Structure formats: structure tokens, C-alpha cells
Amino acid sequence: MCLMAQQISMEDVKMETQKYSSPLGGDIVTGKANKGKGWKGLKGQMALALAVSLWMATGGIVSAGQSTTINEDYEGDVYGNHVGDDLSDWSGDPNNNTVTMTGGNITYGGVFGAYIENETSVQSATGNQVNVSGGTIEGNVLAGAAVYRGAGNNNVENNTVTVSGTAAIKVDIYGALTSNGTANNNHVLITGGNVNNNGSRRICGGLSNYGGDATNNTVTISGGTVNVGSIIGGSLGETIDWTTGDPLYNLTGKATGNQVIINGASVKADIKGGWRMPADYDASAAVTGNIVTLNGATVTGRVFGGYCNNDNYNGAVDIVTGNTLNLSGANTVSGMVKNFETINIKSATWGTPALTLAGDGILANTGGGYPTINANAVNVSGVANVKAGHTTKLIEGGMGAYAGTIASGPLKSGSTLEVPGTTAKSGNDLVFTASGDVQVQEQTHNTVMGAEVGMAALSAGNDFVGAATEGLAMAGNAGADGLATYANMGGGSMNVETGSHVKTHTWNAILALGHKNEKKLSTTEYGAFFEYGTGNYTTFNGAERGDGSTHYTGGGILGKWQKNNGFYVEGSLRAGSIHDDATNVLRDVNGNPYSYDTDATYWGAHIGVGREIKLNKTDILDLYAKYFYNHRGSVSFDAGGHYDLDAVESSVLRIGTRYTVKKNDKVNFYGGLALEHEFCGRAAGTADGVAIRGADISGTSVRGEIGATFQPGDNSPVTLDLNLSGFAGKKRGLTGGLSAVFHF
């Protein structure tokens with residue numbers, strides 16, 4: 001029957017029970033096959049099992065639309081879409097179909113997202129999905145897509161099967177399979193349900209029986225009950241020549257880039273990253289570059305990187321190169337581990353092995369040699385109390401016969417702590433021995449360097465507060481009623497030595513409103529301001545490099561008193577909040593980055609004294625001493641561990657001079673030179689309770705400045721100030737800005 005509907009419910013379908021005859025002879029329902037009709041010589045081989053499981057009867061449920069829903073019992077086959085020359089009225093599009101099963105029992109048939117059985121067709125099946133969250137499938141096959149017969153290049157790509165909820169599956173599961181083409185990027189995802197066929201079936205990401213490769217297919221199991229014969233990332237198989245009845249083996253295809261991932265689940269099965277099912281072989285039919293990942297897994301069975309049905313081919317086909325076993329958490333394997341080039345121990349807990357081997361252990365690979373065990377990039381938790389001489393097993397059991405290479409290094413915990421030491425074989429185990437007490441990782445220093453950047457941004461704001469104080473106080477900048485509005489913005493690039501060094505790019509702005517009172521012997525100016533600053537930075541700490549950004553928002557008050565003889569006193573108070581956002585400053589040992597953001601309050605003050613000396617009618621020399629203080633509050637955050645960063649203080653004394661030349665009533669030029677010293681500027685903290693190497697920006701710098709002020713027109717209410725400052729010494733770099741004073 002053919003149903004032309006976008007959404008098909010089994011409630012709307014009249015059920016039919018049929019028995020069908022196989023084109024090879026026999027009853028597909030009973031699984032019998034007549035002798036001598038195409039299966040000759042293949043008894044016991046995978047082609048027979050596959051042909052029986054894939055042969056589709058002349059009946060079933062077909063949706064010409066894109067979505068099929070199953071929720072009641074049915075005896076027969078269910079397709080998202082079907083392409084076949086036996087039933088031309090079943091012809092459909094084998095791409096982007098979805099089958100959803102929430103209940104019911106499927107017997108004597110299979111469930112397919114798409115199915116092709118046209119031996120003259122060159123169509124491919126892509127983007128199909130089958131989602132099973134309830135009900136039972138106990139017929140033949142569950143597959144995202146299947147090509148039973150095709151003319152060649154019948155590729156299956158990007159198809160997915162998902163099993164979850166209360167689903168009960170008693171059949172083979174394939175992301176996709178094809179009798180004549182490539183199986184690429186197909187997936188099986190099991191998060192729940194019961195996949196149990198008493199160890200006699202298989203779960204496979206992608207299968208190419210003939211004429212292509214099996215590449216980049218995955219099986220991921222993170223829940224449910226699984227008891228099958230094999231769990232396979234990608235497989236090469238065998239089929240039959242439907243004209244002659246002769247077997248066809250996939251002897252030249254490659255099974256590469258496939259993955260099996262077991263996340264926190266228990267499975268009863270042999271695991272094979274890649275598999276060559278044909279017993280015959282060709283040297284080019286490699287099973288390489290496949291990955292098995294065990295993350296808190298219990299495997300009752302064997303684990304292979306690559307596998308070949310013929311145990312007597314003596315390594316003529318490469319089933320080892322590039323195959324990788326990744327271990328995270330605590331894992332148990334009851335059988336052998338074999339045919340991996342590399343075993344990576346990614347993470348563990350101190351005192352708990354990453355792998356417990358209860359069976360034959362890590363055996364020599366087919367063709368000779370042992371896998372390299374990489375224990376030099378292990379992320380280990382629970383190391384806070386580790387002392388020199390303490391030991392932990394990374395692999396327990398199964399190491400007795402091992403004679404390969406072990407790469408060793410310190411164990412690291414997140415982004416915070418590390419334990420120096422070495423890993424080596426000890427009897428039947430792989431053991432790490434600490435050569436020293438737990439300590440912080442050097443990269444933790446990047447966090448206090450980042451804190452110093454915030455202080456550098458606030459220090460750059462010192463100059464803007466000072467410029468606002470001077471700008472509002474200038475005699476020509478007051479309006480008729482004594483009011484003036486001052487705005488200044490600018491930025492620059494600076495290298496700051498911190499014990500390592502930080503490169504910053506900052507942009508600052510200030511907006512101030514002031515009033516000036518003139519007396520006979522002195523003038524007084526006072527006002528309020530709003531300030532904002534932002535910047536990004538790069539930290540350089542040996543081989544460690546990080547990136548982040550910071551910004552602050554605040555305000556304050558300012559004032560200046562000046563006598564007629566040029567002597568003056570000025571000061572300001574400021575407060576606000578500062579935000580730091582680091583996205584690439586911290587990483588764990590496996591290269592996974594951690595980001596964090598913090599918010600803290602800041603406050604500061606400055607006081608200055610000086611004297612403006614009129615050298616003649618046009619030239620003025622300003623001698624001054626100014627003190628700036630800024631305080632940034634403490635912060636805490638989690639980023640691969642817990643960090644507590646102390647408050648940071650900056651205490652700067654600047655002594656200098658500025659020379660101003662009055663070109664005319666509208667234009668002034670100035671230049672200055674100052675020496676400044678940072679007395680504090682130390683940032684410290686702890687990572688998981690252990691002290692971080694502090695950062696220190698204290699030291700002496702020289703500051704030079706040049707600039708010009710000008711009024712655009714005779715009656716313009718605006719005075720502009722263009723300035724450039726350069727630093728050498730502890731701070732190195734350039735800053736510049738453009739300010740405007742508006743008179744009222």
C-alpha cells in the first residue's frame with residue numbers, strides 16, 4: 001500500500017499480515033532459504049545474514065511525504081520512503097525522510113528512513129532519520145537508510161537512528177547501509193531503551209557491502225540496556241551478484257574515521273572501531289584511523305580499534321594504523337584490548353584507575369607491536385592533598401604482556417593544579433608516582449595578569465580625569481555664567497611588564513560638567529564627571545598566551561583651586577564597577593578552553609600640587625607633582641577549578657613639567673615630560689587553595705606628551721584638544737585622544 005500523507009499514523013492504516021517469498025527462495029518470515037539459489041558458498045558468512053535481514057517483501061507502509069509515525073502493532077516493513085522497480089507506485093524520494101515510532105510492535109519486517117531496491121538505480125539516500133522512543137521492533141532491521149540493490153554509487157550519507165525512552169529493539173541497527181556505494185557520516189545514538197538480542201546481532205554506524213568506503217560513521221551510547229554481538233563504528237561487508245548468484249566482497253574499500261563512543265553506559269558486546277567482515281582480503285582494504293572512546297563505561301566484551309574476520313592473514317591488511325582508544329573517567333573492560341596504535345588516557349580521579357582490565361589485557365596488535373600509551377596529558381581530579389611519593393594506578397591489570405612505549409608527564413587538574421611525576425609499568429599495572437607535592441599550573445598566573453589589565457585601564461583613566469580638571473579650569477574655557485562641559489575620548493596601545501607581560505589596547509572617555517568661581521586673589525573650579533573605559537588584552541607568559549577584555553563604568557567629582565601667582569591644588573574622587581571577560585586565558589591539559597567573567601567595584605582618588613610660571617606673554621611653564629590611587633575589589637570564579645583573586649591597589653606618584661606656547665587667542669601648543677613610579681600594583685590570588693605566582697606592575701616609567709588646543713572659530717562655543725602621550729620603562733606604548741570643551 002502507498003500512503004500519500006505528510007503525517008502518517010498507524011491508527012489511519014488498515015493493517016495487513018502477509019508472508020512473502022524471497023527472490024532467493026524460502027520464506028523471509030521464517031528466515032529459511034532454499035539451497036543452491038544464490039547463497040552457495042556463503043554459509044555462515046555475513047552476506048547471508050545481511051541478505052535475509054534486508055530483503056523486503058512486496059508490502060509495507062510507505063509515505064510519499066517526509067514524516068511517518070508508528071504507534072500500533074504491524075506485521076511488515078515501514079519506510080519513510082521507498083525506491084524500487086518491482087513496485088513502481090512505491091517510487092519516492094530517498095532523502096530527508098523521518099520515521100518516528102512511539103509505540104506498537106513491528107514484526108516480520110524492518111523500519112527504514114529510506115529504502116532503495118532498484119538494481120538500475122544510481123540514487124543515494126541522505127539526511128533520513130528514524131527516532132524510536134517506544135514500542136518493540138523484532139522483525140529484521142532498523143536503519144536510517146538502506147540500499148538493498150543498486151547499479152552503483154548508491155551512497156548513504158548523513159542518516160541517523162535514535163533509540164530512547166522505553167523502546168525495545170531486537171534487531172540489527174544501522175545508521176545506514178548500502179550494497180553498492182559509500183557509507184559516510186551516518187549515526188546511531190542510543191540514550192535509553194533496551195537493545196537486547198542476546199548477543200547475536202550488531203549495532204553499526206555505517207556499512208558498505210561493496211563498491212565504496214565506510215567513513216566517519218559513529219555509534220554513541222549514553223544510556224539504556226545494550227546486549228548485542230558487536231558495536232561497530234564503520235564496516236566493510238559483502239553482498240551478492242544478483243545476476244550470477246556469485247558473492248561480491250568489498251575488498252578494496254576502507255573503513256576509516258569511524259567512532260564508537262560509550263558515555264557512562266554499560267554494554268555487553270565486542271566493540272570495533274572499524275571492521276572488515278569478508279574473510280578474503282586485499283591489502284588496500286584498510287581499517288585505520290578509527291576511534292573508540294570510553295567515558296565512564298563498563299564493557300563486557302572485547303575492544304578492538306580495527307578488526308578482520310580472517311585471523312590468519314598475518315597483517316597483510318592494515319587494521320592498526322591511526323586507530324585510537326580514548327579513556328576518560330573510570331572504565332572497565334572484561335576482554336582483550338587490541339589493534340590500536342595509540343591509547344590516550346584523557347582523564348581520571350586520583351586513586352581510581354582510568355581503565356580496569358579483567359581479561360586478557362592489552363595484547364600485541366595483529367601484525368606485531370603494541371600501542372603507545374599516552375599518559376602525558378591526563379586531567380586528574382582529587383589531587384589537592386597529593387605529596388611526593390604518592391602513587392595512583394592509571395590502568396589496573398592487563399599490563400603483564402605489554403611491551404610498548406609509555407609517554408609520561410605531570411598529572412594536571414583542570415586549569416589549576418598539577419602533580420609532577422612519571423608514569424611507568426609496575427607489574428600488571430600502569431602506575432603514576434609523584435615526584436613532588438601538588439602545585440599550581442603556571443597558566444594560573446594569567447588570571448592575575450588579567451586583573452592587572454583592569455588596573456592599567458583605570459590608570460589610563462587617571463590622565464582623562466586630570467585632563468578634565470585642567471580643561472574645565474582653563475580661563476578661556478568658562479562660559480559667561482561660569483559653566484563649561486568637557487568631553488574627552490581617546491585610546492592607545494601599551495605593553496605592561498607584570499613579571500611576564502601584557503599587551504593592551506584601551507579606549508577611554510570622560511564627560512564632565514564644571515563651574516568656575518573667580519575671586520580677587522584666586523579661582524575655584526569644581527564639577528562632576530562620568531567615565532567609561534574599555535580594552536582588550538593579550539597575556540604573554542612564557543609559552544602560555546591568553547586573550548581577554550575589560551571595561552569599566554563610573555563617575556566622580558573633581559576640583560581645582562588656583563592662586564593668582566599660579567600655585568594650584570587639585571583633586572578628584574572616583575568610583576564605579578569594572579568587568580573582566582577572559583575567553584582564552586585558561587585551558588586544561590587536553591586543550592579545552594575555560595572562559596570566565598568577573599565584576600568588581602573600584603574606587604580611586606588623586607591629589608596634585610603645582611605652579612604655572614609665566615615666562616613671558618606667550619609661554620607658560622607648569623611644574624607639578626600628582627599622586628593617584630586606585631583600588632579594585634577582590635573576585636572569585638570557577639574555570640576549570642576555583643579561583644580567588646585578591647584586591648589590587650595602584651599607587652602612582654608623578655612628577656613633571658609641561659611647557660605651553662600660546663600661538664594666539666585661539667591656538668596653544670604644549671609638550672611635557674614626567675617621571676612616574678608605581679609603588680603597589682601587585683596582584684595575587686589562589687587556585688583551588690594554592691597560591692598563584694603574583695603579577696607586579698610596580699616600577700618606574702617616563703611619560704612624554706605633546707598636544708595642541710584650538711578654537712575652530714571666533715564665536716565657536718567649543719575648544720578642541722588633540723594630544724599624544726608616550727611611555728618608556730615599566731610601561732611602554734602610546735596613547736592619544738581628542739577632547740572638546742563646550743562653553744555656556
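Points about the sheet that holds strand β29 (residues 255-256)
Item 1. Read across the sheet, six strands follow the order β11-β16-β20-β24-β29-β32 without closing on themselves; strand pairing throughout is parallel. Both edges of this open sheet fall to β11 (125-126) and β32 (287-288), since each of them pairs with a single strand only.

Re unusual backbone geometry
Item 1. Positive phi outside glycine occurs at N216, with the angle close to 60 degrees.
Item 2. Turning to its location among the elements, N216 is positioned in the loop between β24 (214-215) and β25 (218-221).
Item 3. Of note in the backbone geometry, N339 takes a positive phi value of approximately 65 degrees without being a glycine.
Item 4. Mapping N339 onto the fold places it in the loop between β38 (337-338) and β39 (342-345).

What to know about the packing of aromatic side chains
Item 1. Summed over all chains, the structure comprises 13 aromatic pairs.
Item 2. Each residue in the set Y79, F112, Y115 and Y148 is aromatic and connected to the rest through ring pairs, giving one cluster.
Item 3. The residue whose ring lies beneath K272 is Y307, and the NZ or CZ to ring-centre distance is 4.1 Å.
Item 4. Here the basic side chain of K560 rests over the ring of Y568, its NZ or CZ set 4.2 Å away from the ring centre.

Re the pattern of salt bridges
Item 1. Here the structure, examined in full by the defined rule, presents 16 salt bridges.
Item 2. Among the salt bridges present, the one from D172 reaches R202, with a minimum N-O distance of 3.3 Å. One end of the pair, D172, is in strand β19 (residues 172-178); the other, R202, is in strand β23 (residues 202-208), and 30 residues separate them in sequence. Each member of the pair, D172 as well as R202, carries the same accessibility label: buried.
Item 3. Taking the shortest distance from any N to any O, the salt bridge between D463 and R654 comes out at 2.9 Å. Of this pair, D463 sits in helix α2 (residues 445-473) while R654 sits in strand β60 (residues 648-662), placing them 191 residues apart in sequence. Summarising the burial analysis for this pair, D463 and R654 share the class buried.

Focus: a nonpolar patch on the surface
Item 1. There is a patch of nonpolar side chains on the surface, built from I607, Y627, L653, I655 and F679 and spanning about 440 Å² of accessible area.
Item 2. Following the sequence through the fold, L653 ends up in strand β60.

Digging into the sheet that holds strand β64 (residues 690-691)
Item 1. Pairing within the open sheet is antiparallel, and its four strands lie in the order β58-β59-β63-β64. Where the open sheet ends on each side, the last strands, each with one partner, are β58 (635-638) and β64.
Item 2. Judged from the two bridges that link them, strand β63 (residues 685-687) and β64 form a sheet pairing that is antiparallel. Bridge pairing in β64 links T686 to A691.

The rules we used
- Residue indices follow the written sequence of each chain, beginning from 1 at its first position.
- Residues qualify for local features only when their pLDDT is at least 70, as the model is predicted, and side-chain atom pairs are given and counted only at 80 or more; totals for whole chains, interfaces and linings, by contrast, use all residues.
- Remark: hydrogens and water are excluded; side-chain values derive from all non-hydrogen atoms of the structure.
- Only strands joined by at least two bridges in the DSSP assignment are considered to pair.
- Each helix is a run of DSSP H or I of at least 4 residues and each strand a run of E of at least 2, with the numbering of both proceeding from the N terminus.
- Aromatic pairing here means that ring centres of Phe, Tyr or Trp (its six-membered ring) are within 6.5 Å. Orientation follows from the plane angle: under 30 degrees is stacked, over 60 is edge-to-face, and everything else is tilted.
- Put simply, a charge is over a ring when the Lys NZ or the Arg CZ is close to the ring centre, within 6 Å, and near the line of the ring normal, within 35 degrees.
- The working definition used for a salt bridge is a side-chain nitrogen of Lys or Arg within 4 Å of a carboxyl oxygen of Asp or Glu.
- Using a 1.4 Å probe on the protein chains alone, a residue whose accessible area is under 20% of its type maximum counts as buried, one over 50% counts as exposed, and one in between counts as partly exposed.
- Patch building starts from residues that exceed 30% relative accessible area and form no salt bridge, then joins like charges within 9 Å and nonpolar side chains (Val, Leu, Ile, Met, Phe, Trp, Tyr) within 5 Å.
- All accessible areas in this document rest on Shrake-Rupley with a 1.4 Å probe, and a residue is counted as covered only by the protein chains that are shown.

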